[in-house]
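Examining the three-dimensional arrangement
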Amino acid sequence: MAALATAGVLLWPATTAWADGVTFTPTEAQQGNSVKLEFLVPDERPGVRTERIEIRMPAETPVAEVYPLSVQGWAPAITTRKLDVPVAGMHGPATDVVTAALTWTRGTGEAGTGPARLVFSMAPLPQTDQVRFELTQTYADGLQVHWGDRPGQRPLPALILTPGDPAYPGAAHGGHGAAPGGAVPGAPAPAAATPDEGPNANSLLAAGLVAGLGGGAVVGWLISRRRRADTEEIDRSVLDEEPAAENGPTAVADAEPTQRRDDRVARAGATR
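Here the structure is a predicted model, which is why all the values come from computation and not from measurement.

1. Remarks on the overall build of the protein
- Helix and strand content of the protein: four helices and 13 strands.
- Per-residue burial for the protein yields a buried fraction of 29% across its 272 residues.
- Sequence-distant contacts in the protein: of pairs separated by 6 or more residues, those separated by 24 or more amount to 70%.

Spelled out as structure tokens, the structure:
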């Protein structure tokens, strides 16, 4: 059976519609970005349908995140491989386990007519000028057709990659490995945050000093005024307490010496 299948591939009639072959869209994407690819795989053998399709990812430029999307009538499976050097991801830290191949198997009882449309997404795209895939198409009778760019394979175009926009967040995710904390080696350091417009530290300090001096002057003036008011009140109370002399106003000064009055003023101030 294997020999017959191989002979069938080698002796495939030239009249078969190879011109269309396997295609995918889009045909271009940006480095460091993500892309959703739709592969169109035709059934080129009348009366024999395709049962299994495998798409192998490029080994030289591994991609951290490759996920098959839901396709009616086909069940996807993922084959992984382990890397010696991790690659950075688009939505997570670096990883050393990546997708090696995606395989779709036609569902049981699915009649299936027309070409198979298989969809998957991948990110971040590597910093290379193109990505090449290999596809193996297996028919119901066991015949396999290999697509790619190697000798003996049917031609399969490459995904062309253009330089990404440096301002795009995913542009720095295409390299291998990642620095501690999720940073990507070789990626530009994030720009320092710009402070909001407003008064600087020097102006705030000067305003604080002015306010402090002004407040101190006001407090000092209030204390001085209160002391003067207390002194005047003491003087009035002392005068009120002096007894009137029997011989008239002039006798008060004669009856009480100046020293005694000063002592009483001092005692009254100390008590208050």
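The rest of the description comes next.
2. Details of the sheet that holds strand β11 (residues 144-148)
- Reading across from one edge, β6-β7-β4-β10-β11-β12 is the order of the six strands in this open sheet, with mixed pairing throughout. Looking at strand neighbours, the two that pair on one side only are β6 (74-87) and β12 (154-155), the edges of this open sheet.
- Note: strand β4 (residues 50-56) against strand β7 (residues 95-106), five bridges, orientation antiparallel. Looking at the pairing, Arg56 lines up with Ala101 of β7.

3. Description of the pairing of β7
- In terms of strand pairing, β6 meets β7 through 10 bridges, oriented antiparallel. Bridge pairing in β7 places Arg81 opposite Val98.

4. So, the sheet that holds strand β13 (residues 159-162)
- One open sheet accounts for three strands, arranged β2-β13-β9; its pairing is mixed. Unpaired on one side and paired on the other, β2 (28-30) and β9 (130-131) mark the two borders of the sheet.

5. Topic: the packing of aromatic side chains
- Per the counting criterion, the structure on display carries six aromatic pairs.
- Note on Phe39 and Phe120: the rings are 5.7 Å apart at their centroids and 25° apart in plane angle, and the pair reads as stacked. With Phe39 in strand β3 (residues 35-41) and Phe120 in strand β8 (residues 116-123), this pair connects stretches of sequence that are 81 residues apart. Residue Phe39 shares its accessibility class with Phe120, and that shared class is buried.
- By the ring-pair criterion, three or more aromatic residues cluster together here, those being Phe24, Phe39, Trp104, Phe120 and Phe133.
- It is Arg45 that lies over the ring of Tyr139; its NZ or CZ is 5.2 Å from the centre.

6. Focus on the environment of Gly92
- Summarising the element assignment, Gly92 is placed in the loop between β6 and β7.
- When its relative accessible area of 35% is taken as the criterion, Gly92 is described as partly exposed.

7. Looking at the pairing of β11
- Relative to β11, strand β10 (residues 134-139) runs antiparallel, the two being bridged by four bridges. Note that in β11 the partner of Gln137 across the bridge is Val145.
- The hairpin turn running from β10 into β11, its antiparallel successor, is four residues long, and Gly142 in that turn takes a positive phi close to 95°.
- Pairing geometry for β11 and β12, over two bridges, is parallel. Across the sheet, the residue bridging to Gly148 is Pro155, located in β12.

8. A closer look at the nonpolar core
- Within the largest apolar cluster, 32 residues are counted, with the highest numbers of intra-cluster contacts made by Leu37, Phe39, Ile55, Phe120, Met122, Phe133 and Leu135.
- Sorting the residues of this core by element identifies β3, β4, β7, β8, β10, β11 and β13 as the ones contributing at least two each.
- Residue contacts for Leu37: discarding those within four places in its chain leaves Phe24, Thr25, Pro26, Leu118, Val119, Phe120, Met122, Phe133 and Leu159.

9. A few points about the pattern of salt bridges
- Evaluation of the coordinates by the stated rule reveals seven salt bridges.
- Across the salt bridge formed by Asp43 and Arg106, the nearest N and O atoms sit 4.0 Å from each other. One end of the pair, Asp43, is in the loop between β3 and β4; the other, Arg106, is in strand β7, and 63 residues separate them in sequence.
- Using a relative accessible area of 28% as the deciding quantity, one classes Asp43 as partly exposed.
- Relative accessible area serves as the criterion here: at 10%, Arg106 is assigned to the buried category.
- The residue Arg150 makes a salt bridge to Glu134 at a minimum N-O spacing of 2.8 Å. One end of the pair, Arg150, is in the loop between β11 and β12; the other, Glu134, is in strand β10, with 16 residues separating them in the sequence.

Definitions and cut-offs
Residues numbered from 1 in each chain as written. Predicted model: local features only at pLDDT ≥ 70, side-chain atom pairs only at ≥ 80, totals over all residues. Heavy atoms only, no water. Helix = DSSP H or I, 4+ residues; strand = E, 2+ residues; numbered from the N terminus. Buried < 20%, exposed > 50% of the residue type's maximum accessible area, 1.4 Å probe, protein only. Contact = heavy atoms within 4.5 Å. Pairing = 2+ DSSP bridges. Phe/Tyr/Trp six-rings, centres within 6.5 Å; stacked < 30°, edge-to-face > 60°. Lys NZ or Arg CZ within 6 Å of the ring centre and 35° of its normal. Core = buried A, V, L, I, M, F, W, Y, C linked by side-chain atoms within 4.5 Å. Salt bridge = Lys/Arg side-chain N within 4 Å of Asp/Glu carboxyl O.

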